[in-house]
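# Structure assessment
Below, each chain spelled out in residue letters.
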Amino acid sequence: MLRRLRRAVPDCPLLSHPEELRPYACDGLTAFRVTPLAVAIPESVAQVQKILRVCHALRLPVIPRGAGTGLSGGALPRRDGLLLSMARFRKILALDPLNRTARVEPGVTTRAISQAAAPHGLFYAPDPSSEVACTIGGNIAENAGGLHCLKYGLTVHNVLSTKIVTSDGELLTLGAEALDSAGFDLLALFVGSEGLLGVAVEATVRLLPRPPSARLIVAAFASVDSAAAAVGRLIGRQFIPAGLEMMDNLAIRAAEKFVHAGYPVDAAALLLCECDGPAEEVDEEIALAEGLLRDAGAYFLRLSCSEEERLLLWKGRKSAFPAAGRMAPDYYCMDGTIPRRAMPEALRRIARLSEEFGLPVANVFHAGDGNLHPLILYDASRPEELTNAERLGARISELCVELGGVITGEHGVGVEKLDPMCIQFRAPELEQFHRIKAAFDPDGILNPGKAIPQLRRCAELGTMHVHGGRLPFPELERF
């Protein structure tokens, strides 16, 4: 493999020494680590095509990797596979302010797109809290959302087209710069596919006019239940905030120590509600939101009076994940989505699970769209705590499904949620996923073992059931 790759792409860095490979052993989910067989770091589409052709001919697994900030093990290497790093694809290729689009390589960070568009009064709407580090290629792989997805949509709503290289080295364009394109919507299928269908090498994203005004309310509540119920009150009044985030007391105290944003540390929960748009519209929405929050039980309201204050208040929320590092040696960041009406029950039951497993859980999440991010605090030097953290995480995923939600909102399935996938979907649905995978990647070399569990895995978990007296997929070996 090394010989053939060096012949095919002699000017492409190819790492194979153990010390060179060690930094690539995991992504943001550090509990799982595997040293890859080798790492290739191309810088051109032609190099990516040549690398994939060699791997296709050798039936060698290929694991695409962006910035390595993913939290579900989606870029976890294989000992028998090549890790394909897209870190050198960092160019903004074109910015068209008239059509409000930007054409970028996959290694461009989410924040860099907005910074490049700012002189034209434009911005890129998806706003993951990790925007300073995460890349557009990773956002596409996981269909990232973030703080402003309630009003402006997920990555899938803000990408117009993408160029991908298939498992056999062919270059395809999915989507178009128009609002719609002919044929099946393969772009929507590709966004969120976690590297299973192809390697993104370019994307054209939608830019929006930057709102002329934005203000943020921080509301403190004496109970988590009342804060969760307030979310329904706000959305039920038929105005959509630009952002609606929630933090519980554990997360509040950690973020305040880390950032000093002025959060009330005695609050059981905080809601951060942002309104943006023309100044008159923002003033009306802020007044409405203040009234609704007080009626819902908010005992403290703080309204940003300047752009600097607004950014500082957001900084506390965006820094909640790193701030959690002060509360425990390790934490496990979960990611599930539930209907907003189920939020009070979900938080109550997560609190009970926290007590059952003896591990603290800090809740900080996108309340507006019900995307939960419980942070399970543990000490990895104690093996039983890591095991308990994983078991607790699995129970939270099951809870999300039970309440009518899904096991992931934006972090993806990766290797982390393969077992909960067997609970979320029935065997016929998983089989259809495998057919789609095979249509793009017949030999199964792209990111194998991720996102879609094998049916035998679900059989082992006991989640494949007999329906109507017949056993589904009788040709499968049973365990």
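Quick look at the structure, then. (Residues numbered from 1 in each chain as written. Predicted model: local features only at pLDDT ≥ 70, side-chain atom pairs only at ≥ 80, totals over all residues. Heavy atoms only, no water.)

## Brief notes about the overall build of the chain
As a reminder of what qualifies: Secondary structure elements are taken from DSSP: a helix is a run of H or I of four residues or more, a strand is a run of E of two residues or more, and numbering for both begins at the N terminus. C-alpha atoms define the radius of gyration in this analysis, and the globule rule sets the expected value at 2.2 Å times the number of residues to the power 0.38. Partly exposed residues are those whose accessible area sits between 20% and 50% of the maximum for their type, while under 20% is buried and over 50% is exposed, using a 1.4 Å probe and protein chains only. Residue contacts are defined here by distance: any two heavy atoms, one from each residue, within 4.5 Å place the two residues in contact. To measure how exposed things are, a 1.4 Å probe is used in the Shrake-Rupley method; for residues, cover is taken only from the protein chains shown. Charged residues are defined narrowly, with Lys and Arg counted positive, Asp and Glu counted negative, and His plus the chain ends left uncounted. Throughout, a charge is located at the NZ atom of Lys, the CZ atom of Arg, the CG atom of Asp or the CD atom of Glu.
The secondary structure content of the chain amounts to 17 helices and 20 strands. For 479 residues, the compact-globule estimate of 2.2 N^0.38 gives 23 Å, and the C-alpha radius of gyration of the chain, at 23 Å, lies within 12% of that figure. With respect to the three principal axes, the spread of C-alpha positions in the chain is 65 × 60 × 50 Å. Across the 479 residues in the chain, those meeting the buried criterion constitute 52%. Restricting the contact set of the chain to residue pairs at least 6 apart, pairs at least 24 apart contribute 71%. Of the roughly 20500 Å² that the chain leaves accessible, carbon and sulfur atoms contribute 52%. Within the chain, one finds 51 positive and 57 negative side-chain charges whose respective centroids are separated by 4 Å.

## Things to note about the layout of surface pockets
Just so we agree on the cut-off: In this analysis a 1.4 Å probe is tested at points of a 1 Å grid over the protein atoms alone, and where it fits but cannot get out there is a cavity; an open set with protein on both sides within 12 Å along at least five of seven lines is a pocket; lining residues have an atom within 4 Å of a point. Grid points are joined across faces, edges and corners, and a volume is the space filled by probe spheres set on the points.
If you add up the space inside the second largest pocket, you get close to 710 Å³. Along its surface, the second largest pocket is lined by 30 residues, and G192, S193, E194, T408 and V413 are the ones closest to its centre. Where the lining of the second largest pocket is concerned, the elements lending two or more residues are helix 5 (136-142), helix 7 (186-190), helix 15 (418-424) and helix 16 (427-440). Looking at which element gives the most residues to the lining of the second largest pocket, the answer is helix 16, with 3 residues.

## A short note on the pairing of strand 6 (residues 101-104)
Using the following cut-off: Pairs of strands are assigned from DSSP output, requiring at least two bridges between the strands.
Relative to strand 6, strand 5 (residues 92-96) runs antiparallel, the two sharing 4 bridges. Among the inter-strand pairings, D96 is bridged to a residue of strand 6, identified as T101. As consecutive antiparallel partners, strand 5 and strand 6 are separated by 4 residues, and within that stretch R100 has a phi angle of approximately 55°, a positive value. Strand direction decides the pairing type here: strand 6 and strand 10 (residues 199-206), joined by 4 bridges, are antiparallel. Within strand 10, the residue paired with A102 across the bridge is V205.

## Comments concerning the sheet that holds strand 9 (residues 171-175)
As a reminder of what qualifies: In this analysis, axes come from line fits to C-alpha atoms, helices being fitted only over the stretch in contact, and the angle between any two N-to-C directions falls in the range 0 to 180 degrees.
Strand order in this open sheet of 5 strands is 5-6-10-8-9, and the pairing throughout is antiparallel. Each having just a single partner strand, strand 5 and strand 9 make up the two edges of the open sheet. Strand-to-strand twist in this sheet, taken as the mean axis angle between neighbours without regard to direction, amounts to 15°. By the bridge criterion, 5 bridges tie strand 8 (residues 159-165) to strand 9 in an arrangement that is antiparallel. Bridge pairing links I164 to L172 in strand 9. Packing against the sheet, helix 4 (residues 110-117) makes contact with strand 5, strand 6 and strand 10, and its axis sits at approximately 45° to strand 5.

## Here we look at empty space enclosed by the protein
The criterion, for reference: Think of it as three bins: nonpolar holds Ala, Val, Leu, Ile, Met, Phe, Trp, Tyr, Cys and Pro, charged holds Asp, Glu, Lys and Arg, and polar takes everything else, Gly as well.
Enumeration according to the criterion identifies 1 cavity of 30 Å³ or more in this entry. Taken as a whole, the largest cavity spans an internal volume of roughly 40 Å³. Contributing to the lining of the largest cavity are L5, R6, V9, C12, P13, L14, A40 and I51. Here the lining of the largest cavity is built from residues that sort into 7 nonpolar, no polar and 1 charged.

## Let's talk about the sheet that holds strand 1 (residues 14-15)
Spatial strand order, 1-2-4-3: 4 strands in an open sheet with mixed pairing. Of all the strands in the sheet, the pair left with one neighbour each is strand 1 and strand 3 (62-65). Note that strand 3 and strand 4 (residues 82-85) share 4 bridges and pair parallel. Bridge pairing links I63 to L83 in strand 4.

## Description of the pairing of strand 20 (residues 374-378)
Taking burial as the measure, the 5 residues of strand 20 include 5 buried ones, the bulk of the element. Direction of pairing for strand 16 (residues 330-333) relative to strand 20: antiparallel, over a ladder of 4 bridges. Residue pairing in the sheet places D330 in a bridge with Y378 of strand 20. Direction of pairing for strand 18 (residues 361-366) relative to strand 20: antiparallel, over a ladder of 3 bridges. Residue pairing across strands places V361 opposite I376, the latter belonging to strand 20.

## As for the pattern of salt bridges
As a reminder of what qualifies: Within this document, salt bridges are pairs made up of a side-chain nitrogen of Lys or Arg and a carboxyl oxygen of Asp or Glu, the two lying within 4 Å of each other.
A full pass over the atoms with the stated rule returns 25 salt bridges. Between R310 and E274 there is a salt bridge, and its shortest N-O distance comes to 2.7 Å. Here R310, found in helix 11 (residues 307-318), pairs with E274, found in strand 14 (residues 269-277); they are 36 residues apart in sequence, far enough to count as distant. Accessibility assignment for this pair places R310 and E274 in one class, buried. Salt bridges sharing partners connect three or more residues here, namely R111, D127, E131 and K318.

## Quick word on a nonpolar patch on the surface
This is how the line gets drawn: Put simply, a patch holds well-exposed residues, over 30% relative accessible area, that have no salt bridge, with like charges counted together within 9 Å and Val, Leu, Ile, Met, Phe, Trp or Tyr side chains within 5 Å.
There is a patch of nonpolar side chains on the surface, built from F184, L186 and L189 and spanning about 320 Å² of accessible area. By relative accessible area, L186 is classed as partly exposed at 34%.

## Side note on helix 14 (residues 383-402)
Our working definition: Multiply 1.5 Å by the residue count of a helix minus one, and that product is the helix's expected span. Note that the arc is computed from the directions linking the helix axis to the C-beta atoms.
For helix 14, which comprises 20 residues, the first-to-last C-alpha distance of 29 Å matches the rise-based estimate of 28 Å (1.5 Å per residue) to within 8%. Of the positions making up helix 14, those classed as buried are E385, A389, L392, G393, I396, S397, L399 and C400. All buried residues of helix 14 project into a common sector of 155° when viewed along the axis, lining one side. Those residues of helix 14 that are exposed and aimed more than 90 degrees away from the buried face are P383 and E402. Just downstream of helix 14, G404 is the residue with a positive phi angle, here 95°.

## A few points about the state of the cysteines
What counts is decided by this rule: Cysteine sulfur atoms are paired as a disulfide whenever they fall within 2.5 Å.
Applying the stated criterion to the full structure yields 1 disulfide. Linked covalently through their sulfurs, C422 and C458 form a disulfide whose S-S length is 2.1 Å. Linking C422 and C458, the disulfide has an S-S dihedral of approximately -75° and is accordingly described as left-handed. Here C458 lies in helix 17 (residues 455-461) and C422 lies in helix 15, a separation of 36 residues in the sequence. The buried category is assigned to C422, whose relative accessible area is 4%. Residue class for C458 comes out buried when judged on its relative accessible area of 2%. Of all cysteine sulfurs, the one in C12 lies closest to C55, which takes part in no disulfide; the gap is 11 Å. Residue C275 stays outside any disulfide, its sulfur separated by 4.6 Å from that of C273, the closest cysteine.

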